[in-house]
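Observations on the model geometry
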Amino acid sequence: MAVLTHLEAIRQGIWEEMERDPSVFLLGEDIGAYGGAFKVTEGMLEKFGGDRVIDTPISESAIVGAATGAALMGMRPVVEMQFMDFIACGFDQIVNMAAKIHYRWGAAVPLVIRGPSGAGVHGGPFHSQSNEMWFVHTPGLKVVVPATPYDAKGLIKAAIRDDNPVIFYEHKFLYRRIKDEVPDGDYVVPIGKARVARAGTDISVITYGAMVWTALEAASQLEPEGISIEVVDLRSLLPYDEEAVLASVRRCNKVILLHEDTRIGGFAGELAATISEKAFQDLDGPILRVTAPDTPVPFSPPLEKYFLPNAQKVAEAARRLAAY
Amino acid sequence: MAVLTHLEAIRQGIWEEMERDPSVFLLGEDIGAYGGAFKVTEGMLEKFGGDRVIDTPISESAIVGAATGAALMGMRPVVEMQFMDFIACGFDQIVNMAAKIHYRWGAAVPLVIRGPSGAGVHGGPFHSQSNEMWFVHTPGLKVVVPATPYDAKGLIKAAIRDDNPVIFYEHKFLYRRIKDEVPDGDYVVPIGKARVARAGTDISVITYGAMVWTALEAASQLEPEGISIEVVDLRSLLPYDEEAVLASVRRCNKVILLHEDTRIGGFAGELAATISEKAFQDLDGPILRVTAPDTPVPFSPPLEKYFLPNAQKVAEAARRLAAY
Amino acid sequence: MPAVNKARRLKQAPRAPDPSTLERMLYYLKLTREAEYRIERVLYRQGKIVGGVYVGRGQEAIAVGSAIQLVEGDVVLPSHRDFAAFLIRGVSLREIFCNWMGRANGPTRGRENTLHIGNLRLGLIPIISPLGDTCPVACGVGLAFKQRRQQNVVLVHFGEGTSSRGDVHEAMNLAAVMKLPVVFICNNNAYAYSTPASKQYAVRRLSVRGAAYGMPGVTIDGNDVLAVYAGAAAAIGRARAGEGPSFIECKTFRMSGHSAHDAADYVPNELFEREAKKDPILRLEKLLLSRCLVTPQRLAQIDETVRKEVDDAAAFAEASPFPDGAEAVEGVYCGERCFWKDRRAGGGPGRVPA
Amino acid sequence: MPAVNKARRLKQAPRAPDPSTLERMLYYLKLTREAEYRIERVLYRQGKIVGGVYVGRGQEAIAVGSAIQLVEGDVVLPSHRDFAAFLIRGVSLREIFCNWMGRANGPTRGRENTLHIGNLRLGLIPIISPLGDTCPVACGVGLAFKQRRQQNVVLVHFGEGTSSRGDVHEAMNLAAVMKLPVVFICNNNAYAYSTPASKQYAVRRLSVRGAAYGMPGVTIDGNDVLAVYAGAAAAIGRARAGEGPSFIECKTFRMSGHSAHDAADYVPNELFEREAKKDPILRLEKLLLSRCLVTPQRLAQIDETVRKEVDDAAAFAEASPFPDGAEAVEGVYCGERCFWKDRRAGGGPGRVPA
Ligand SMILES: Cc1ncc(C[n+]2csc(CCOP(=O)(O)OP(=O)(O)O)c2C)c(N)n1
Ligand SMILES: Cc1ncc(C[n+]2csc(CCOP(=O)(O)OP(=O)(O)O)c2C)c(N)n1
Ligand SMILES: [Mg+2]
Ligand SMILES: [Mg+2]
């Protein structure tokens, strides 16, 4: 066991998979000599060589398409988007080519697209987006969003071993801010299994990614007030762990859905639909959403702060719901 | 008043706007001499000339980007996607360039992107998609989905006059199958106002696009069984008429959310979240969804039929809910 | 019926086909023409084919003259008009007809239509409708070959209309930078749907694009199967030798509407008449006859074989069942209990049937 | 301080700048250098600028030598390193510093950072981070000019790394087919972040891409403001005359890291040393002194003016308030009660302040 940052845990996961399986290779911009914009792939060029750590021209569509072609040949490409915002430039290759191949003619497409997403570092409208819903709404993809170093390592391994295209969101705010003990050797966290990050009895806060930490902070704030919060960390959104969501709702009977992504069409909607169909009888209050508002991500610190959900906003919603 | 098909109503709307406002022009593939793959723009080249009806190379990203540039210069481009499936090829220009300009620096982007979407004509996985949610989840865009010829004409006019980028979905199944009386002259249907397509008292079916007709068919089937269905036609998804949705739920106390789009991350989720937050007290039963399953759209008729929601599936859900 | 190309390794392909290859090419040209005719002009009009119908009438020589040279492990990504590529790689006519008619025993089990048929064992990756998308994918196939030090090559076909798409650019640039064994083949048939080449690009020859990326670019007569053969041979040879990608513009003409429902009124009749004279099948027949490489009797035999094969395939497909609707929701993901298990297409290319 | 270019109509721009234009160019070169230095090396290090900081040190001549020729109604879409374009078109240094520091009175009211500053009155459309996206937008601007029979032109700048993106291809092809008045200017500074040009493309000169679309393509010394001026003048002249687009590759060098946090260890030191000798400011100074178009005293004056302007802008920005957080949710849509009303940027380009 070593204490690793979120970023180091991801690096270790990729590293171990590359050691384990010679068909795993990396493709992206500035990931070789430079080690990636955030240094996730640092040291990998030296270790694994230029055939397996490949710097590309700036062409996201070609990168994703080429990774798909290699995956069809039995390779296991791991693509880095320098920022997940730029995944929009390779969008068609993801949603039309990679996502649909297996359904259309049965081939496996073992492909991972990973990179930094999310706000909180004053990156402005194009270095801060949470755009996971485009892919959650695309059958044939998997979408993974780890919150802890342990999960980040175990899930990137699961993603690399998966025979389907996986979009892997790394929250840049967590990269160096979150540290935790991570087992040295091989382990896998299965895609599709949620985790109760904190057990509670009054209100279930269901969330994912960086917002797991926000929920935990809110839970601590509310404890002295006698409000017991359960925090469910979804870990992956497609597939997502419906059973775990419903079980938590059945335990707490009140629920807050929390995400950093904007509101309309965000994942909270999906959860609300499932809960209000399948746990309707178990609800003792309205389902509340705490999300970013429906705007691009603004740059200036006070604007970005206003934009982002935080523990205070969660706590306020929880107090309202507790009083219901 | 003339009886027009859905398609003719759209054509008439565009035509009148082009007569009214010289800054309106059309950009797309095969829209000139050929009149568009579905003939929506037939006759327009002859009438308005090659400066205003422009055939482009096959380059959706350049088309959308060029339209955005022209819009910034005060023109009012109307872009045709030959099929809405191919909008994925111009995706980045829509969600990152066009959608965010006004928020970022205040310019108006009066741009319409329109084209045929939806299944039911055995078009296979790439000529059948309902991909409206990608844009519903992009702040800065508007998303319009007419169900009737009257609305199609009034809404395309509203879209062209709007100072924001509007994505306008025309359901290809309706193009020539639906006919109705449409006023000859100028009228506008405002974006963001839903319509009660049929009043009812027991169950509210909230839907949009081609599924409005499916809901109406189900309502007719259920009438003799003594189940009174209200059908709400949303007309636009971004913005959508929250008030109309909540009012219908408060009238019927039971609700079915219906769309042709796939389930996870579909618009029903958004509606379920809003209803279960804001009309929680008014619900007398679980919120049910009737949607396509989470797969690409298959080609072969029996598969496509199984994939698509239909009146029977809506009626079954309604019977279950009525018995609740 | 000529035997299918034997798997073999070639450092440098010969620039001219031997007599047996010539006859095989004629056979595939004819088989393609007849099969597409049956689909477009017979079955479609009888309402037996639903959905879009695109054919490559008049431009069959491009796929024939190039795919015929592929060996075991090579991969081709045909355009929507390269019917012959599927036949040459070993997909049966029966399978193709079943696919076109949405039958359960077609290779996509009814999920896909037309030539959207993939088979990794046979080295076939199908087009998807968003045009140009296969070009980057071809790069990835070539990249895998390069990483594995495999001397295989990839061919990717696309129309001149498709050449406008950004994906084609990104792919050609990537292939050139990485020296990938990819042959980019532009089927320039003068129209993209109703759009003439003059509205698609502003150069005389698209092959100038080769130089723009740092790869050879040639323009050849795509209706001359020998010219296609020679052009493809040179490019394939370069690719196998590790010298990187090439670009071949094949000039041809779309002797049909864009799809079966399109009367192509926008194409001047003179053009059709002029281009009909360049028909690749007539040209090859004439050549073979003049060189006494084939007899009129043999030609008649081939025609007969072809007709029977098409009859058989059409009858087989028509008699085949449609899939069960409930299958629609299966096989979205590749996993342990795979819907595709019995016909698994994944896992790298296998061998072309010998 | 030199006066801003007067609005005027030119059929054909002169290929060489007059003395007053030469001095204005020197001024803008120096002002840019000083302003970027303050931002990157002072304010950023003091923690007063949050977020990314990109500068165009060493490559200022490209924006200066081209934008200086624009007239009323023309539009420029600068890259993230074309600071000077904003100054020349009339955005004040105060506004730029406020934007960089996220202040409420900046032109984007804190919504955007760096040079993401748009102003249609001044004919400025800003880059967005997804690289290459402005090229199609430039086509649309040119299309509007053409539709309105307006003799204006559009300049769009992008890096050599950006040239790999599909959008650049689609735009150049579209502009050529439609004969749009667009000048594509590639700022080839040898690196894209850490990626050298050799991994970005496989040709000697990117200007060969011009021919691939059917437009003139030239490669010029981007550190020689006179060469840039002449190259841009020719292209602008063509565009105004309705002869269509051009492509100009400006060879230069990024005399900085990719952004302020990047030490650029991947760039060999010799390269920096070699390229420093080609500094565009030193070259222009030397030329003006040698031709007696400027005195050393005048140079000192300019330096002093520049320093004061930058001092003023930095102080102004630092003293400016941050926006109120609640503004974040306003102005997503353009409508009747527009958030931007008082500073409305829409509605077609207006006049450059005379
Ligand atoms: C990205 C994209 N845009 C538009 C279409 C619609 N479409 C299908 S085929 C076609 C014309 C293709 O022309 P070309 O590439 O020359 O191939 P050809 O059909 O002539 O063989 C068009 C516009 C599409 N399939 N994909
Ligand atoms: C589509 C896209 N991919 C990746 C990036 C990340 N990125 C920002 S600048 C840059 C390098 C740009 O190089 P170049 O175009 O040569 O411009 P330069 O910075 O050298 O002026 C990269 C990769 C981006 N902004 N957009
Ligand atoms: Mg064509
Ligand atoms: Mg560069």
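Computed from a predicted model, the values in this text were never measured in an experiment. (Residues numbered from 1 in each chain as written. Chains lettered and ligands numbered in written order. Predicted model: local features only at pLDDT ≥ 70, side-chain atom pairs only at ≥ 80, totals over all residues. Heavy atoms only, no water.)

**Some details on the overall build of chain C**
- In terms of regular secondary structure, chain C is built from 11 helices and 7 strands.
- Radius of gyration (C-alpha) of chain C: 19 Å, near the 20 Å computed for a compact globule of 354 residues.
- Once the C-alpha set of chain C is aligned to its principal axes, its extents read approximately 50 × 50 × 40 Å.
- Within chain C, buried positions represent 64% of all 354 residues.
- Excluding contacts between residues fewer than 6 apart, the proportion of contacts in chain C whose partners are at least 24 apart in sequence is 77%.
- Accessible surface, chain C as shown: approximately 12100 Å² in total, 52% of it carbon and sulfur.
- Each charge sign in chain C was given a centre, from 47 positive and 37 negative side chains, and these centres are 5 Å apart. (Helix = DSSP H or I, 4+ residues; strand = E, 2+ residues; numbered from the N terminus. Rg over C-alpha atoms; globule rule 2.2 N^0.38 Å. Buried < 20%, exposed > 50% of the residue type's maximum accessible area, 1.4 Å probe, protein only. Contact = heavy atoms within 4.5 Å. Areas by Shrake-Rupley, 256 points an atom, 1.4 Å probe, with all protein chains shown as cover. Lys, Arg positive; Asp, Glu negative; His and termini not counted. Charge placed at Lys NZ, Arg CZ, Asp CG, Glu CD.)

**What about the interface of chain D and chain A?**
- At the junction of the two partners, chain D supplies 38 residues and chain A supplies 28 residues.
- The contact between chain D and chain A buries some 2700 Å² in all, and 68% of this surface belongs to carbon and sulfur atoms.
- On the chain D side of the contact with chain A, D:Arg165, D:Tyr193 and D:Ala328 bury the most area, a combined 18% of that side's loss.
- Counting every contact that joins chain D to chain A gives 1 salt bridge.
- Of the charged contacts, one joins A:Asp55 and D:Lys199 as a salt bridge, the two residues approaching to 3.9 Å between their closest N and O atoms.
- Summed over the shared surface of chain D and chain A, the result is 7 residue pairs in polar contact (both at pLDDT 80 or more).
- Among the residues making up the side of chain D that touches chain A, the classes are represented as 15 nonpolar, 15 polar and 8 charged. (Buried area = accessible area lost by both parts, 1.4 Å probe. Salt bridge = Lys/Arg side-chain N within 4 Å of Asp/Glu carboxyl O. Polar contact = N/O pair within 3.5 Å; in protein donor to acceptor, adjacent residues only side chain to side chain. Nonpolar A, V, L, I, M, F, W, Y, C, P; charged D, E, K, R; others polar.)

**Remarks on the site of ligand 1**
- Neighbouring ligand 1 are 21 residues; B:Glu60, C:His80, C:Arg81, C:Thr162 and C:Tyr191 lie closest to it.
- In this structure, ligand 1 is bordered by residues of chains B and C.
- In this structure, an oxygen atom belonging to ligand 1 sits 2.8 Å away from a side-chain N or O atom of C:Arg81.
- C:Gly161 is positioned with one of its backbone polar atoms (N or O) 2.9 Å from an oxygen atom of ligand 1.
- Across the complex, the protein chains shield 97% of the 580 Å² of accessible surface that ligand 1 would expose by itself.
- Split into classes, the residues belonging to the shell around ligand 1 amount to 8 nonpolar, 8 polar and 5 charged. (Near = heavy atom within 4 Å.)

**Side note on the environment of B:Phe280**
- Along the chain, B:Phe280 turns up in the loop between α9 (267–278) and β14 (288–292).
- For B:Phe280, a relative accessible area of 15% corresponds to the buried category.
- Expressed as a C-alpha distance, the spacing of B:Phe280 and B:Tyr187, which sit 93 residues apart in the sequence, is 37 Å.
- When near neighbours in sequence (up to four residues on either side) are disregarded, B:Phe280 contacts A:Leu283, A:Asp284, A:Gly285, A:Pro286, A:Tyr324 and B:Ile275.

**A few points about the sheet that holds strand β13 (residues 255–262) of chain A**
All names here are of chain A.
- In spatial order, the strands read β9-β11-β10-β13-β14; together these 5 strands make up an open sheet with mixed pairing. Among the strands making up the open sheet, the edge pair consists of β9 (195–198) and β14 (288–292). Within the sheet, the average angular offset between the axes of one strand and its neighbour, ignoring direction, is 25°.
- Sheet topology places β9 next to strand β11 (residues 229–233); 3 bridges connect them, and they run antiparallel. (Pairing = 2+ DSSP bridges. Axes fitted to C-alpha atoms, helices over the stretch in contact; angles between N-to-C directions.)

**Brief notes about the domain arrangement of chain A**
Residues and elements named next belong to chain A.
- As far as domains go, chain A holds domain 1 (2–182) and domain 2 (195–323).
- For domain 1 versus domain 2, the distance between C-alpha centres works out to 26 Å.
- Carbon and sulfur atoms make up 62% of the area that domain 1 and domain 2 hide from each other, which totals about 2100 Å².
- When residues of domain 1 are sorted by the area they lose upon contact with domain 2, His-122, Met-133 and Val-145 head the list and together hold 25% of the total. (Domains from an automatic or database assignment.)

**Digging into the coordination of the magnesium ion (ligand 3)**
Residue and element names in this part refer to chain C.
- On the protein side, the magnesium ion (ligand 3) has Glu-160 (OE), Glu-160 (OE), Asn-189 (OD1) and Tyr-191 (O) as donor atoms, found 2.0 to 2.7 Å from it.
- Coordination at the magnesium ion (ligand 3) comes from 6 donor atoms whose angles at the metal span 51 to 167°, giving a geometry best classed as irregular.
- Counting along the primary sequence, the residues that act as donors to the magnesium ion (ligand 3) give the motif E-x28-N-x1-Y. Assigned by exposure class, Asn-189 and Tyr-191 land together as buried. (Donors = N, O, S within 2.8 Å, 3.2 Å for Na, K, Ca; no water. Tetrahedral: all angles 85-135°; square planar, octahedral: opposite > 155°, others 65-115°.)

**Here we look at the environment of D:Thr219**
Residue and element names in this part refer to chain D.
- Structurally, the position occupied by Thr-219 is in strand β6 (residues 217–221).
- Here the alpha-carbon distance between Thr-219 and Leu-271, two residues 52 residues apart in the chain, equals 20 Å.
- When near neighbours in sequence (up to four residues on either side) are disregarded, Thr-219 contacts Arg-205, Ser-207, Glu-249 and Lys-251.
- One polar contact links Thr-219 to Ser-207, side chain to side chain, over a distance of 2.5 Å.
- Here the side chain of Thr-219 touches Glu-249 through a polar contact of 2.6 Å, side chain to side chain.

**What to know about the interface of chain C and chain A**
- Opposite the 50 residues of chain C that make contact, chain A presents 38 residues.
- Here chain C packs against chain A, burying approximately 3400 Å² in sum over the two surfaces, 63% of which is carbon and sulfur.
- Three residues, C:Gln147, C:Tyr333 and C:Cys334, lead the burial of chain C against chain A; their summed loss comes to 18% of the area buried on that side.
- A:Asp51 is paired through a salt bridge with C:Arg149; the nearest N and O atoms lie 2.7 Å apart.
- Of all the elements in the fold, those that place two or more residues in the side of chain C that touches chain A are α5 (134–147) and α6 (166–178) of chain C.
- Element by element, the count of residues in the side of chain C that touches chain A is highest for α5(C), at 11 residues.

**Overview of the site of ligand 2**
- A:Glu60, D:His80, D:Arg81, D:Thr162 and D:Tyr191 are the nearest of the 21 residues found near ligand 2.
- With respect to ligand 2, the chains having nearby residues are chains A and D.
- Here an oxygen atom of ligand 2 and a side-chain polar atom of D:His80 are 2.8 Å apart.
- D:Thr162 is positioned with one of its side-chain polar atoms (N or O) 2.6 Å from an oxygen atom of ligand 2.
- A breakdown of the residues in the shell around ligand 2 according to their chemical character gives 8 nonpolar, 8 polar and 5 charged.

**Quick notes on the packing of helix α1 (residues 19–43) of chain D against helix α11 (residues 296–319) of chain D**
Residues and elements named next belong to chain D.
- Relative orientation of the contacting elements α1 and α11 amounts to 40°, with a least axis distance of 9 Å. Judged by the inter-axis angle, α1 sits oblique to α11. By crossing handedness, the relation of α1 to α11 is classed as right-handed. For the pair α1 and α11, the contacting residues are Glu-23, Leu-26, Tyr-27, Lys-30, Leu-31, Glu-34, Ala-35, Arg-38 and Leu-43 in the first and Arg-298, Leu-299, Ile-302, Asp-303, Val-306, Arg-307, Glu-309, Val-310, Asp-311, Ala-314 and Glu-318 in the second.
- Looking at the contact of α1 with α11 residue by residue, the classes come out as 10 nonpolar, no polar and 10 charged. (Parallel < 35°, antiparallel > 145°, perpendicular 65-115°, else oblique. Left-handed = near helix turned anticlockwise from the far one by under 90°.)

**Considering the sheet that holds strand β1 (residues 75–77) of chain D**
All names here are of chain D.
- Taken in spatial order, the 5 strands make up an open sheet running β1-β2-β3-β7-β6, and their pairing is parallel. Unpaired on one side and paired on the other, β1 and β6 mark the two borders of the sheet. Geometrically, the sheet is characterised by an average inter-axis angle of 20° between neighbouring strands, direction not taken into account.
- Bridge count between strand β2 (residues 154–159) and strand β3 (residues 182–188): 6 bridges; the pairing is parallel. Looking at β3, one finds that Phe-158 is bridged to Cys-186.

**Focus: the coordination of the magnesium ion (ligand 4)**
All names here are of chain D.
- Every protein donor of the magnesium ion (ligand 4) is accounted for by Glu-160 (OE), Glu-160 (OE), Asn-189 (OD1) and Tyr-191 (O), and the metal-donor separations fall at 2.0 to 2.8 Å.
- Geometry at the magnesium ion (ligand 4) is irregular, judged from the 6 donor atoms that bind it and their angles of 51 to 168° at the metal.
- For the magnesium ion (ligand 4), the single-chain donor residues occur in sequence as E-x28-N-x1-Y. Of the two residues, Glu-160 is situated in the loop between β2 and α6 (166–178) and Tyr-191 in strand β4 (residues 191–192); the sequence distance between them amounts to 31 residues. Each member of the pair Glu-160 and Tyr-191 is classed as buried.

**Considering the packing of helix α1 (residues 6–20) of chain A against helix α6 (residues 149–161) of chain A**
All names here are of chain A.
- Orientation of α1 relative to α6, taken along the N-to-C sense of each, is 30°, at an axis distance of 8 Å. Judged by the sense of rotation from one axis to the other, the crossing of α1 with α6 is right-handed. Here α1 contributes His-6, Ala-9, Ile-10, Gln-12, Gly-13, Ile-14, Glu-16, Glu-17 and Arg-20 to the contact with α6, which in turn contributes Pro-149, Ala-152, Lys-153, Ile-156, Lys-157, Ile-160 and Arg-161.
- Residue composition of the contact of α1 with α6, grouped by class: 7 nonpolar, 3 polar and 6 charged.

**Notes on helix α8 (residues 242–252) of chain A**
Residue and element names in this part refer to chain A.
- Among the residues of α8, those classed as buried are Val-245, Leu-246, Ser-248, Val-249 and Cys-252. Viewed end-on, α8 has its buried residues packed into an arc of 160°, placing them on one side of the element.
- Elements that come into contact with the buried residues of α8 comprise β10 (203–207), β11, β13 and α9 (267–278).
- Where α8 terminates, the next one or two residues include Asn-253, which has phi positive at roughly 65°. (Arc of directions from axis to C-beta.)

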